[in-house]
Amino acid sequence: MAGGRAVVDLPTATRRIDLKTKLLTLFVVCTNVLGNFSMSWGMKHQSVDLGLSPLAYIRLIFTPWVLLGTTLLILWLLSRMTLLGWADLSYVLPMTSIAYVLSAVLGKVFFGEQVTWQRWLGTAFIVIGIICVGLTAANTTNQEPAR
Amino acid sequence: MKWLMVAIIVGSTSLADLLQSFEMKRHVVAAEDLRPGRLTAMLRGLAKRGPLVLAVFFMAISFFAFMKLLSVADLSFAVPVTAASVALETVLACLVLHEKVTALRWAGALCVACGVTLLAM
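Residues numbered from 1 in each chain as written. Chains lettered and ligands numbered in written order. Predicted model: local features only at pLDDT ≥ 70, side-chain atom pairs only at ≥ 80, totals over all residues.

Q: It is not clear to me how the overall build of chain B should be interpreted in this structure. Could you clarify?
A: When helices and strands are counted, chain B shows six helices and zero strands. For chain B, the α and β elements follow one another from N to C terminus as α-α-α-α-α-α. Projected onto the principal axes, the alpha-carbon positions of chain B cover approximately 45 × 40 × 25 Å. Among the 121 residues that make up chain B, the fraction classed as buried is 46%. For chain B, long-range pairs separated by at least 24 residues make up 81% of all intrachain contacts whose partners lie at least 6 apart in sequence. (Helix = DSSP H or I, 4+ residues; strand = E, 2+ residues; numbered from the N terminus. Buried ≥ 20, exposed ≤ 12 C-beta atoms within 10 Å, placed from the backbone. Contact = placed C-beta atoms within 7 Å.)

Q: Sorry if this is basic, but what is going on with the overall build of chain A here?
A: Check the secondary structure of chain A and you find six helices and zero strands. Mapped from its N terminus to its C terminus, chain A presents α and β elements in the order α-α-α-α-α-α. Taking all 147 residues of chain A together, 44% fall into the buried category. Looking at chain A alone, contacts between residues at least 24 apart form 79% of all its contacts between residues at least 6 apart.

Q: What am I meant to see in the interface of chain B and chain A here?
A: A common way to express how large an interface is: the accessible area buried when the components associate. Across the contact, 47 residues belong to chain B and 47 residues belong to chain A. Counting residues per element, the ones that place at least two in the side of chain B that touches chain A are α1 (2-26), α3 (50-72), α4 (75-81), α5 (85-95) and α6 (103-120) of chain B. A total of twelve residues in the side of chain B that touches chain A trace back to one element, the largest contributor, which is α6 of chain B. A breakdown of the residues in the side of chain B that touches chain A according to their chemical character gives 29 nonpolar, nine polar and nine charged. (Nonpolar A, V, L, I, M, F, W, Y, C, P; charged D, E, K, R; others polar.)

Q: Help me out: how do you make sense of the confidence of the model for chain B in this one?
A: It should be kept in mind that the predicted coordinates are not to be read in detail where pLDDT is low. Overall, the prediction assigns chain B a mean pLDDT of 81, with 93% of residues at 70 or greater. At the level of chain-chain contacts, confidence expressed as ipTM amounts to 0.71, with global pTM at 0.72. (pLDDT = per-residue confidence, 0-100.)

Q: I tried to follow the packing of α1 of chain B against α5 of chain B on my own but got confused; where do I start?
A: In a pair of packed helices, the angle between the axes and the distance between the axes together describe the arrangement. Residues and elements named next belong to chain B. One way to put it is that α1 packs onto α5 with a least axis distance of 10 Å and a crossing angle of 35°. The chirality of how α1 crosses α5 is right-handed. Judged by residue contacts, Val10, Thr13, Ser14, Asp17 and Leu18 of α1 engage Ser85, Leu88, Glu89 and Leu92 from α5. Among the residues forming the contact of α1 with α5, the class breakdown is four nonpolar, three polar and two charged. (Axes fitted to C-alpha atoms, helices over the stretch in contact; angles between N-to-C directions. Left-handed = near helix turned anticlockwise from the far one by under 90°.)

Rendered as structure tokens:
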């Protein structure tokens, strides 16, 4: 013990920070995918012509599916802000791109949207990109650990 | 209308992300602050930071443009096409935020950008 705090060896501490960053990345992806899905479901099942009136959009926010989507996207915003403090922007962007793939899958399964071979090829590219970026250090500018 | 919304989303998202990354690195939020009991205090703290308020403003613009886009386009088009910002933001992260973008990370970002373009086709 030193100064009332346990001494943790550096590799263990680094692994813990890395795990927390990856768990938060997972949370960011889940809230984004489910939020976008709820929003899309709500928008496709509304019968009002939106036009460009801000009031129509504000009224729409309080319909159940859009409200659920908005809540999830607020959680996504807050968790992503925190993640941007823990990791590089150039790390967070590709790592969270799996959300695009999952959204395309949900679009096919629940909305019957057509997913062509180009989209599946695009999915493969995104997954390869995520693996490449996942092999690099999450934070290259700020060495302060996420406690 | 569809492509105008895409342009608004990409532009405002890039600005919002740069501002958030810059400000959140100046005052890092600890994992303990994410607990439900501390969430209000965390939110209050975030609301006092100018660059974050500006970032939220740009995100709000992006959000309403995204709502409009969803009403005129498929989800499987709307979500991937707005990821055009990935390549742009990686360049800006290197130039503006001085992040060390290694060859492997550039390759990954390029793969993601190509993938997103294919998804949007």
